[in-house]
Amino acid sequence: MSDWKGKTRGGSFGYQFFIYLIRFGGLRAAYAFLSLVVVYFIPFAFKATCSSWFYWRKIHKRSWCNSVKMLFVHYYRFGQIIIDKIAALSGYEKRFEYDFVNYEKFLEVLDGDTGVVMIGAHFGNWEIGGQFFGKYAKKINVVMFDAEYQKIKDKLEGVMGEKPYNVIPVNEDELSHVFLIKEALDRKEYVCFQGDRFVNEKHLLSEVFMGREANFPAGPFQIASRFKVPTVFYFSEKESAYKYSFRFFMADPVKRTKETKPEQLLLRQYVKVLESRLAEHPEQWFNFFKFWK
Amino acid sequence: MNKEEIISKINSVLAEEFEKDESEMVPEADLLETLELDSLDIVDMVVFIEQTFGVVVKGADFKGIKTFQDFYDFLDRRVNNL
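Parameters and conventions
- Residues numbered from 1 in each chain as written.
- Chains lettered and ligands numbered in written order.
- Predicted model: local features only at pLDDT ≥ 70, side-chain atom pairs only at ≥ 80, totals over all residues.
- Helix = DSSP H or I, 4+ residues; strand = E, 2+ residues; numbered from the N terminus.
- Buried ≥ 20, exposed ≤ 12 C-beta atoms within 10 Å, placed from the backbone.
- Contact = placed C-beta atoms within 7 Å.
- Pairing = 2+ DSSP bridges.
- Axes fitted to C-alpha atoms, helices over the stretch in contact; angles between N-to-C directions.

> Please explain the overall build of chain B as it appears in this structure.
Within chain B one finds five helices and zero strands. Starting at the N terminus, the α and β elements of chain B follow one another as α-α-α-α-α. When its C-alpha atoms are laid out on the principal axes, chain B stretches across 30 × 25 × 20 Å. Sorting the 82 residues of chain B into buried and exposed places 21% on the buried side. Counted over contacts in chain B with a minimum sequence separation of 6, partners at least 24 positions apart contribute 55%.

> Got a minute to help me understand the environment of Leu35(B) in this structure?
Residues and elements named next belong to chain B. Relative to the assigned elements, Leu35 resides in helix α2 (residues 31-35). Residue Leu35 is classed as buried on the basis of its C-beta count, with 21 C-beta atoms lying within 10 Å. Along the sequence, Leu35 and Glu17 sit 18 residues apart, while their C-alpha atoms lie 9.7 Å from each other. Not counting chain neighbours up to four residues away, the residues in contact with Leu35 comprise Leu14, Phe18 and Lys20.

> What is the right way to read the pairing of strand β7 (residues 212-217) of chain A from this model?
A regular strand places its side chains so that they alternate between the two faces of the sheet. All names here are of chain A. In the sheet, strand β6 (residues 204-209) pairs with β7 via six bridges, with the strands oriented antiparallel. Paired with Leu204 across the bridge in β7 is Pro217. Remark: two residues form the turn of the hairpin made by β6 and β7, two consecutive strands paired antiparallel; Met210 in that turn has positive phi of roughly 55°.

> Explanation requested: the sheet that holds strand β1 (residues 97-101) of chain A in the structure shown.
Sheet strands associate in pairs through backbone hydrogen bonding, adopting either a parallel or an antiparallel arrangement. All names here are of chain A. Pairing is mixed across the open sheet formed by seven strands, whose spatial order is β1-β9-β8-β2-β5-β3-β4. In this open sheet, the two strands that pair with only one neighbour each are β1 and β4 (166-170). Between one strand axis and the next, the sheet turns through 25° on average, direction left out of account. By the bridge criterion, eight bridges tie strand β8 (residues 231-240) to strand β9 (residues 243-250) in an arrangement that is antiparallel. Residue pairing for β9: Tyr234 is matched across the bridge by Phe248.

Given below as structure tokens:
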């Protein structure tokens, strides 16, 4: 069962505060202040701390001492990612260096004759990539749970202006988002999902992930396989203090077999890629709730 | 394809796809409630309509569809260009 309720923690005051700190003190000052925030979050975000602890102890099988250290590193990296996102969306994007892996292949897919499904994760900093899509950004549609979208919209758009992409809000009580997704794909646009969170427990796919069984939302994988559009797994990872890498992985086309549905085959590919990225940057996994069964 | 053929085709495929008895699919029955469709089932439904009848379905089309009769009428209009 997922503990994630479709909402993201944090208020607009915090975002506004960090914007001022970045503006007047620079990124280093924001990172320094973050150390204090991390100390606050460890006891006061108890559920998140428990899930982070589980992640280091049970998934990565780290020692007790190392897990304590990684708890700090985990929160600190999460904070850095948010600060970087705020900085990049507030006009400081040139402060960072960016590296692109498989970018030519990715652009070939975007320039193709069909819509494209892009599946990312709450890993790294996917939002920092928005402004690098240039002419493609207008055709990007990010699918987001309505509650999360409204909160992010209220928090961020007030202080940082409009996002460089479109949002398709998902409300489980309505069906309109299905048609918005379908119509975007029919217009040969790009529809982006996060493949690692769900609120609807009716449509789940299960797969062994990092050595343990975990649930994933069926939606992104089912939509990609049913509408038979190219699928790209997309991750943006923080490589060092001011450097990000954008990585694109083209999924192999999937076909239903006697034993396995195509969405399950697509999920398997996604899990494999995500595991390989997590092996390099385990501290950039930002699902602070009970993820594994 | 005449309307009777369309209705027969729809009912048999929907019964198989959504594991329902064809006898439940009476014209005045509510489409979504009878088939217990949610958003991801709609994806299957849209793909089924496109593949079977070659008809592109948009959100606005679906808004006017409440009952099986509405659904039959919609497909009849689109398939036969009425």
